[in-house]
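Listed below, chain by chain, are the residues.
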Amino acid sequence: MSRRVVVTGVGLVSPVGVGTEEAWQAVLAGRNGVGPITHFDTAGFPATIAAEVKGFDPLQFVEKKELKKMGLFIQFAMAAAQFALEQSGLKVGPENAERVGVHVGSGIGGFDVIEREHTALMQGGPRRISPFFIPASIVNLAAGFVSIRWGAKGPNSATCTACSSSAHSVGDSYKIIARCDADAMICGGAEAAITPMGVGGFAAMRALSTRNDAPERASRPFDRERDGFVIGEGAGIVVLEELGFARRRGAPILAEIVGYGMSGDAFHITQPSESAAGAVRAIQNTLADAKVLPEQVNYINAHGTSTPYNDRLETLAVKKVFGSHARKLAVSSTKSMTGHLLGGAGGLEAGFTVLALRDQVAPPTINYQIPDPECDLDYVPNQARKMPLEYALSTSFGFGGTNAALLFKQYTE
């Protein structure tokens, strides 16, 4: 029999705040996190805006001697894990270390390190490459460093499934606990791809908004005038625990995770099919896993990237799955404020979804001004909404047609 799994901690490092409550209150206030790129000189780039993390001091979370071993995405993951564990109160020691695991995903990993070390190679030859280049940049080292820092010796893994990466990490962690392979998992994702190659690559695909003169209005999911996503950075980590394990130590229980679904489009490397079939199956699989009817869901934290294709086809998927109930759902995209964290998006948005259940409030979609006839649901426009929430869904879709959805429930005994 599958075991019940609850969320006891949420850790957020985001473009609208460093720290869980700071980020969450900013989202509820509809605060915009997008501005001109400061990480590098954007001369010649068609897109010069991003959602950067502001005021992040890695030395609050990592010893100075360790920084050279970590790309920025790892630093973000370390900070988010610390916030999540502090909220959870989970202590890892000899008595439970082998039952506590780590699963942290990333879509790209250490682009900043790769670009820096490539420059060193080109300018000074192979002897100029840092011995820490590989561990500082590869995707699974976020999970590795978190595991080492807190001594978690249980299952240790990382998912690299584009923009679904950290949703898959949370979902896989849920199943690891449910099948009794661990009692607690520190899971989610991190990304730090606001680099010349990261921005340049997505701009070359014409995926990014070029509303450079109005960055505060550039990320506008479901709005008719949307013109692409805004790249963001940061991390979202949650602590999942088996219910009995959490109860025995008196942990704060923020919500319960009750469903996880996956699917593949098998259609195109970047574009979803016009039928939205992959997204439909991922959501249906999640509801089936939870044994929850569509009409029981109250809120969806949508993938909602602000691209013409995603928003239209995600809307179609919601209507296909939920039927007439789709009109009663609150559906919002917090990417309107945080930008798109790529592989870190699912972790950040899972955290927001849990906090929405905790506080019984749906966060807004800001910059929703001009309705699109093909995006015709209730997107919680521009202002957060207090409302009763029992079940809340978080969706994530990635290049290559990889889809994930997570279903959370208000915790009750």
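Structure's up top.
Rules behind the numbers
Residues numbered from 1 in each chain as written. Predicted model: local features only at pLDDT ≥ 70, side-chain atom pairs only at ≥ 80, totals over all residues. Heavy atoms only, no water. 1 Å grid on protein atoms, 1.4 Å probe; cavity = no way out; pocket = protein on both sides within 12 Å on 5 of 7 lines; lining within 4 Å. Points joined across faces, edges and corners; volume = space filled by probe spheres on them. Helix = DSSP H or I, 4+ residues; strand = E, 2+ residues; numbered from the N terminus. Nonpolar A, V, L, I, M, F, W, Y, C, P; charged D, E, K, R; others polar. Axes fitted to C-alpha atoms, helices over the stretch in contact; angles between N-to-C directions. Parallel < 35°, antiparallel > 145°, perpendicular 65-115°, else oblique. Left-handed = near helix turned anticlockwise from the far one by under 90°. Contact = heavy atoms within 4.5 Å. Salt bridge = Lys/Arg side-chain N within 4 Å of Asp/Glu carboxyl O. Buried < 20%, exposed > 50% of the residue type's maximum accessible area, 1.4 Å probe, protein only. Core = buried A, V, L, I, M, F, W, Y, C linked by side-chain atoms within 4.5 Å. Expected span 1.5 Å × (residues − 1). Phe/Tyr/Trp six-rings, centres within 6.5 Å; stacked < 30°, edge-to-face > 60°. Lys NZ or Arg CZ within 6 Å of the ring centre and 35° of its normal. Pairing = 2+ DSSP bridges.

Asks: Hey, could you run me through the layout of surface pockets in this one?
Replies: Empty space within the largest pocket amounts to approximately 620 Å³. Taken together, 33 residues form the lining of the largest pocket, with Thr270, Pro272, Thr307, Asn310 and Phe399 sitting closest to its centre. It is helix α11 (residues 308–322) that provides the largest number of residues to the lining of the largest pocket, a total of five residues. Here the residues of the lining of the largest pocket sort into 14 nonpolar, 15 polar and four charged. Its volume calculated, the second largest pocket comes out at about 260 Å³.

Asks: Sorry if this is basic, but what is going on with the packing of helix α3 (residues 72–88) against helix α6 (residues 141–150) here?
Replies: Packed helices, taken two at a time, are described by the angle between their axes plus the distance between the axes. Across the interface, α3 lies against α6 with an axial gap of 9 Å and an inter-helix angle of 45°. Relative to α6, α3 is oriented oblique. In this structure, the crossing between α3 and α6 has a hand that is right-handed. When α3 is examined against α6, the residues Phe73, Ile74, Ala77, Met78, Ala81, Gln82 and Leu85 are found in contact with a partner set consisting of Leu141, Ala142, Phe145, Val146, Arg149 and Trp150. Counted by class, the contact of α3 with α6 contains eleven nonpolar, one polar and one charged residues.

Asks: Even after reading the chapter, I still don't get the pattern of salt bridges, so can you show me in this structure?
Replies: Close approach of charged atoms allows side chains with opposite charge to pair. Evaluated as defined, the whole model comprises 23 salt bridges. Lys175 serves as the salt-bridge partner of Asp289, at 2.7 Å between the closest nitrogen and oxygen. In this pair, Asp289 sits in helix α10 (residues 277–290) while Lys175 sits in helix α7 (residues 165–178), placing the two residues 114 residues apart along the sequence. Since its relative accessible area comes to 25%, Asp289 is described here as partly exposed. Given the relative accessible area of 25%, Lys175 is considered partly exposed.

Asks: Would you mind showing me how to read the nonpolar core here?
Replies: Nonpolar side chains in soluble globular proteins tend to be buried together. With 47 residues, the main nonpolar core has Val10, Trp24, Leu240, Ile257, Leu406 and Phe408 as its most contacted residues. In terms of residues, this core owes the most to one element, helix α13 (residues 345–359), which gives eight residues. The contact partners of Val10, leaving out residues within four places of it in the chain, are Thr20, Phe83, Ala84, Gln87, Ile237, Val238, Leu254, Gly351, Val354 and Leu355. Ranked by size, the runner-up nonpolar core spans 37 residues in total, among them Val18, Ala77, Ala80 and Val239.

Asks: Would you mind showing me how to read helix α4 (residues 111–124) here?
Replies: Look at α4: 20 Å from first C-alpha to last across 14 residues, which is about the 20 Å you get at 1.5 Å a residue. For α4, the full list of buried residues reads Val113, Glu115, Glu117 and Ala120. The inward-facing, buried residues of α4 abut α5 (133–137) and α8 (196–204). One or two positions beyond α4, positive phi appears at Gly125, with a value near 85°.

Asks: In this structure, what is going on with unusual backbone geometry? I would like to understand it.
Replies: For residues besides glycine, phi is generally negative; the peptide bonds are generally trans as well. One non-glycine residue with positive phi stands out, namely Arg206, at about 60°. Structurally, the position occupied by Arg206 is in the loop between α8 and β8 (234–242). The phi torsion at Lys291 lies on the positive side, around 55°, for a residue other than glycine. Assessed through its relative accessible area of 74%, Lys291 is described here as exposed.

Asks: Explain the packing of aromatic side chains here, please?
Replies: Aromatic rings in a pair are described by how distant their centres are and how their planes are angled relative to each other. A complete count under the given rule lists nine aromatic pairs for this structure. Taking the centre distance of 5.3 Å and the plane angle of 75° together, the rings of Phe202 and Phe229 count as edge-to-face. Taken together, the residues span a long stretch of sequence, with Phe202 in helix α8 and Phe229 in the loop between α8 and β8 at a distance of 27 residues. Of the residues examined, Phe202 reaches a relative accessible area of 12% and is grouped as buried. Taking 5.6 Å as the distance between ring centres and 55° as the angle between the ring planes, the aromatic pair formed by Tyr368 and Tyr379 counts as tilted. Highlighted residues: Tyr368 in the loop between β12 (361–362) and β13 (385–386) and Tyr379 in the loop between β12 and β13, separated in sequence by eleven residues. Residue classification places Tyr379 among the buried residues on the basis of a relative accessible area of 1%. A connected cluster of aromatic rings, assembled from ring pairs, spans Phe56, Phe61, Phe76 and Phe83. Cation over ring: Arg149 sits above Trp150, and NZ or CZ is 4.5 Å from the ring centre.

Asks: Would you explain the pairing of strand β14 (residues 391–398) in this entry?
Replies: Among the eight residues in β14, eight count as buried, and that is most of the element. Neither face of β14 is open: one carries Tyr391, Leu393, Thr395 and Phe397, the other Ala392, Ser394, Ser396 and Gly398, and all of them are buried. Bridge count for strand β10 (residues 299–301) against β14 is three bridges, and the pairing is parallel. Paired with Ile300 across the bridge in β14 is Leu393.

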